[in-house]
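Coordinates in review
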Amino acid sequence: MRSLRLFLTSLFGVLALMVGLLGTPWATAAPVTGATTPRTTPSATSATTGPGFVPVTPARVLDTRTGTEPAAGSTTTVSISGHAGIPISGVAAVVVNVTAVSPSGPGFVTTYPTGSTRPTASNLNYVKGQIVANQTIVKLGTGGAISLYTQTPTNLVVDVTGYYPIGAQYDALVPSRILDTRPGTEPAAGSTVSLVVTGKGGVPATGVAAVVLNVAAVSPAGPGFVTAYPAGVARPTASVLNYTTDSTVAGTTIAKVGAGGAVNLYTLKAADLVVDVAGWIPARSDFTPITPARILDTRSGVGAPTGPVAAKGTIDVQATGIAGIPANATAVEATVTAVSPAAPGFVTAWPAGVAQPTASTLNYVAGQIVANSATVKLGTTGKLDLYTLAQSDLLIDITGYWTPTSVAWGSAASVDPPQGDPQSISCPTSSFCAAVDTSGNALTWNGTRWTSPQRIDRAGDGLFSVSCPSSSFCAAIDGVGNVLTWNGTAWSAPKAVDTGNVLASVSCPSAGFCAAVDRNGAAVTYNGTSWATPKTIDAAGNGLTSVSCPTSTFCAAVDNNGSTLTYRNGTWSAPAGTDASGGGLTSVSCTSSTFCAAVDWNGNATTYNGTSWATPKSVDPSGGLTSVSCRSMSFCGAVDTNGQALIYRGGGSWSAPTLADTHTGRYGWHAPRSVSCASTAFCTSVDSGGYVATYSSGTWTSSSASAEPSRGGINVVSCPTATFCAAVDANGNALTSSGSAWAKPTQIDPPAESSGSPASGSLTASCASATFCLAVDAVTGGSFTYNGTKWSSSRSTGDSAAIRAVSCPTSTFCAAGDDAGNVLTWSGSSWSAPKSIDAAGNGLTSVSCSSSKFCAAVDRDGNALTFNGSSWSAPKSVDGAGNGLTSVSCPAGTFCAAVDWGGNALTYNGSTWSAPTSIDPTGGHLTSVSCASGSFCAAVDWDGNAASFNGSSWTAPQPVTTAPLVSVSCPTSTHCVAVDDDGNAVTGR
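About the criteria used
Residues numbered from 1 in each chain as written. Predicted model: local features only at pLDDT ≥ 70, side-chain atom pairs only at ≥ 80, totals over all residues. Heavy atoms only, no water. pLDDT = per-residue confidence, 0-100. Contact = heavy atoms within 4.5 Å. Phe/Tyr/Trp six-rings, centres within 6.5 Å; stacked < 30°, edge-to-face > 60°. Buried < 20%, exposed > 50% of the residue type's maximum accessible area, 1.4 Å probe, protein only. Lys NZ or Arg CZ within 6 Å of the ring centre and 35° of its normal. Helix = DSSP H or I, 4+ residues; strand = E, 2+ residues; numbered from the N terminus. Pairing = 2+ DSSP bridges. Core = buried A, V, L, I, M, F, W, Y, C linked by side-chain atoms within 4.5 Å. 1 Å grid on protein atoms, 1.4 Å probe; cavity = no way out; pocket = protein on both sides within 12 Å on 5 of 7 lines; lining within 4 Å. Points joined across faces, edges and corners; volume = space filled by probe spheres on them. Nonpolar A, V, L, I, M, F, W, Y, C, P; charged D, E, K, R; others polar. Disulfide = S-S within 2.5 Å. Polar contact = N/O pair within 3.5 Å; in protein donor to acceptor, adjacent residues only side chain to side chain. Axes fitted to C-alpha atoms, helices over the stretch in contact; angles between N-to-C directions.

A few points about the confidence of the model for the protein chain
- A residue-level look at the protein chain finds 92% of positions with pLDDT of 70 or above and a mean pLDDT of 87.
- Predicted confidence is poor over residues 753-759, with pLDDT under 50, and the contacts of this stretch with residues over four places away or in other chains come to 15 contacts.

Take a look at the structure:
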């Protein structure tokens, strides 16, 4: 986005041989030396809104004076990528200042991408003996190079001052002529030409903030200047180029587009004007064009003391805080002018606070008025420095400024909403039940089938209990003190009744009364209209675990220390020690004020007779009892963590435990959470896997399918292109995106079938292309490949440790890292044996491979390791703050970025790591980073924020979702996808 503004000074023909240097970034096609030349009209490229311009301290990349002078009609190729602070990859265009030194005759220089056809346009025009410069923005060509064609023999000097990453907020065009007054009427002295620029030369008709123009004055009638400014505003005191009588002078400028999509051109003296458009800047970009504003004029004391700057003098010029330039501006687009210098020389502009570079912004001879456009990086104090070799007055006009760019994130889309792990079930009849889960979902049973889970509580920390006295009223409570009610058709919004506390249990004998208890020892009641203020009833700090109210005048509650409490007519009793076994009472159920049953974690049960509790009795020594439900003094049902159920028949007698939930026995981890008995002939229990067991006529039957299979909780997203992503979750599901829509999650990693096997399904994944992804189960070590259509069955990695990260640059090479510091590689058909590379036992948290010849891995102790295609380096401490590195991303072997849990980021340049830099000091907890190139990365944190990197600095974190962001993937600098642990995907552009 930096345009240039070259001021060519062409004074009849003789200009001193100034061996001086040049510098200044960006210029594009300048006009002509004589007759009109035809120009092609390019098509517009779509505006991008990715990373922005990256300024660098000016650096020389070509000086033919030390070698062979380019011949007439010759082309010189200059390699730019990897030099002078320009990344080796990911660069779309560079801003260069091109200088012709002592040409043998009049002519021009054309700068264009190497490997493309030379356009009919010029970047600067010269006459014999001149030293003249112009800034231009040049798209990089083959090999990261640019080509320079010179019409007549002349030495060439090229200084680079910045670059645009691929996808940056600048659209380069093949230079196209949009104005040439020579065939018509020459603009008169003091006149203004209004030039419509939108819709011409490849510039879109709308959405354009500024255009990059090369303006030439041809054969002016006397000395003067041209001012370019937005149509519809007053002409500013500024110039884009200065000319002398009968000269041909060109300059490049970034001109703000004004009313009617036009730019005004004012000429002091009669002169023909020629304008080529070389690019445009979208309305949303990191560049802000302004009406040209003068911030320095030593002739009148603006921005510096009055009087010319002394020979070999340097002045500091404050840019930020003036003319609307904000404090966070990183660079400015300036027209620098030397007025009446005392001798031949040059001016150099560079960021304040760094050493003066070997580069020049403009060259002059004694007595001239010479201007050139410059894109100047600002120093840390918002200043720039100007050096002049000879005494001269100096002027600076600002036409715009750059600020750090950030990714624009869209709205969150729910693509894999979390569900599963039901916590509570309530069945007032055999034809109606309601269940709730830890992800805020509810589902109901109509006697035949279960509804799909419905997300009713996004604000809470999981729904933990539900109570339904009838099919037309239920109450459910969550982990942050909210209550929701069911009216037979729909659920209400969450209502805060015990703010900030984890409500553990609720019980409603009718729609006119409920009681709920929390884990901090408080209870709260409902009168059918409103909830009372919470009241502490268990001051010892014991967490209340369950409450049961058979009527509005009696309730019983139990806590995790074995105490019981009763509620009678609005008053709670003090806690009474009932169960000293240490197991902690987990559930209580009362049929009246004269009968309750309670169970504990050690398999004991106790009953209440209206006056006192019986001594706890061991009824299930092999399992922890989790829930009990009673329908009469002679019937209760209870379930345990082993999938067993027990029936109470009165008189203190419990049946022996019987296997009710076969899924718990088969998998060893689907533990029943809750049981509800609608009658003495019907009970239903639900386990953490969503499987339901039903008791009917004395027999328990386990469902064959889960009523609520677990899914959601996305772990990782991987996007090899902007039109394909794959995501995997913590429950064995995978889903893909076409770039515009997500498919439904598909379970690719079902639970293991052998009894006692650990839970499977916590997946990580990496995609090399739209036709190859690889996912690994962190628990079982199984791996799965995707071929563009479907996922394969599981193939063992042979790694018994938990694999936390995998990276696949190709379908025939992947590297995975595990919790024990091992890596293993995939060859396209098989896995290598795990190899220890982090012998201290530090868990590897992330691995990133740019190719089979380079990978980097990081661990939770702040160490980094690299792979060279055959071996891994020893771990090196790169982040000693103790925060733990969480993620690394390497788009190339010469660049990686890593982030840690403390909000720091650090980069790798191919040999060394930078010191950690705080980029997220308030939220911290960075979870993932993804880099499309060395000039663009995005990082996300646990607070739902994202920050982006432009090759030199990070933006401040910005909120993206309300849930913790866990992974981000950026295949290009204009397309990122981030996912959170609430199952949402967000696209950033």
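Digging into the packing of aromatic side chains
- This structure, assessed with the given rule, holds 25 aromatic pairs.
- Taken together, a centroid distance of 5.6 Å and an interplanar angle of 45 degrees make the contact between W486 and W491 tilted.
- Exposure remark for W486: the relative accessible area of 8% places this residue in the buried category.
- Assessed through its relative accessible area of 11%, W491 is described here as buried.
- Chaining the aromatic ring pairs together yields one cluster made of F432, W486 and W491.
- A cation sits over an aromatic face here: R235 above Y266, 3.7 Å from the ring centre.

Here we look at the environment of V619
- With respect to the helices and strands, the residue V619 is situated in the loop between β46 (617-618) and β47 (625-632).
- On the basis of relative accessibility, which here comes to 9%, the residue V619 falls in the buried class.
- Put simply, V619 and Y648 are 29 residues apart on the chain and 10.0 Å apart in space, counted from C-alpha to C-alpha.
- Excluding its chain neighbours within four sequence positions, the residues that come into contact with V619 are G603, N604, A605, L625, L646, W654 and P657.

Looking at the pairing of strand β26 (residues 422-429)
- β26 sits mainly inside the fold: 7 of its 8 residues count as buried.
- Judged from the 5 bridges that link them, β26 and strand β27 (residues 432-437) form a sheet pairing that is antiparallel. Of the residues in β27, the one forming a bridge with T429 is F432.
- Between β26 and β27, which pair antiparallel in sequence order, lie 2 residues.

Quick notes on the nonpolar core
- Among the nonpolar cores identified, the biggest contains 30 residues, and V332, L386 and I396 are the most heavily contacted of them.
- The set of elements that each furnish at least two residues to this core consists of β17 (287-297), β18 (313-318), β19 (331-339), β20 (345-351), β21 (362-364), β22 (369-377), β23 (383-388) and β24 (393-402).
- Filtering out sequence-adjacent residues up to four positions away, I396 remains in contact with A293, R294, I295, L296, V317, A334, T335, V336, L384 and L386.
- Membership of the second largest hydrophobic core comes to 26 residues, among which are V203, V208, L273 and W280.

As for empty space enclosed by the protein
- Applying the stated criterion across every chain yields a total of 4 cavities of 30 Å³ or more.
- In this structure, the second largest cavity spans a volume of roughly 50 Å³.
- T227, A228, A238, S239, V240, T253, P292, T335, D397 and T399 are the residues that line the second largest cavity.
- Those elements that place two or more of their residues in the lining of the second largest cavity are β12 (224-230) and β24.
- Here the lining of the second largest cavity is composed, by residue class, of 4 nonpolar, 5 polar and 1 charged.

Focus on the state of the cysteines
- Under the definition given, this model contains 14 disulfides.
- The disulfide that involves C508 links it to C514, with 2.1 Å between the sulfurs. Every disulfide takes its handedness from the sign of the S-S torsion; for C508 and C514 that torsion is 110 degrees, giving right-handed.
- Its relative accessible area of 5% is what places C508 among the buried residues.
- The disulfide partner of C767 is C773, and the S-S distance across this bridge is 2.1 Å. The disulfide joining C767 to C773 has a torsion of about 105 degrees about its S-S bond and is therefore right-handed.

Considering the side chain of T564
- One can find T564 in strand β40 (residues 563-568).
- Classification of T564 by relative accessible area gives buried; the value is 3%.
- A distance of 3.2 Å separates the side chain of T564 from the side chain of W613, its partner in a polar contact.
- Setting aside residues no more than four positions away along its own chain, T564 makes contact with A557, V558, A574, P575, A576, T578, L585 and W613.

Thoughts on the sheet that holds strand β76 (residues 936-941)
- In spatial order, the strands read β75-β76-β77-β78; together these 4 strands make up an open sheet with antiparallel pairing. Of all strands in the sheet, those with a lone pairing partner are β75 (926-933) and β78 (958-959), marking the two edges.
- Relative to β78, strand β77 (residues 945-949) is paired through 2 bridges, and the arrangement is antiparallel. Paired with A946 across the bridge in β78 is Q958.

Digging into the sheet that holds β21
- The sheet built from 4 strands is open, its strands ordered β18-β23-β20-β21 with antiparallel pairing. Single-partner strands in this sheet number two, and they are β18 and β21. Strand-to-strand twist of the sheet, defined as the mean angle between neighbouring strand axes without regard to direction, takes the value 20 degrees.
- Inspection of the sheet shows β20 paired to β21 by 3 bridges, in the antiparallel sense. If you follow V347 over to β21, its bridge partner there is L362.

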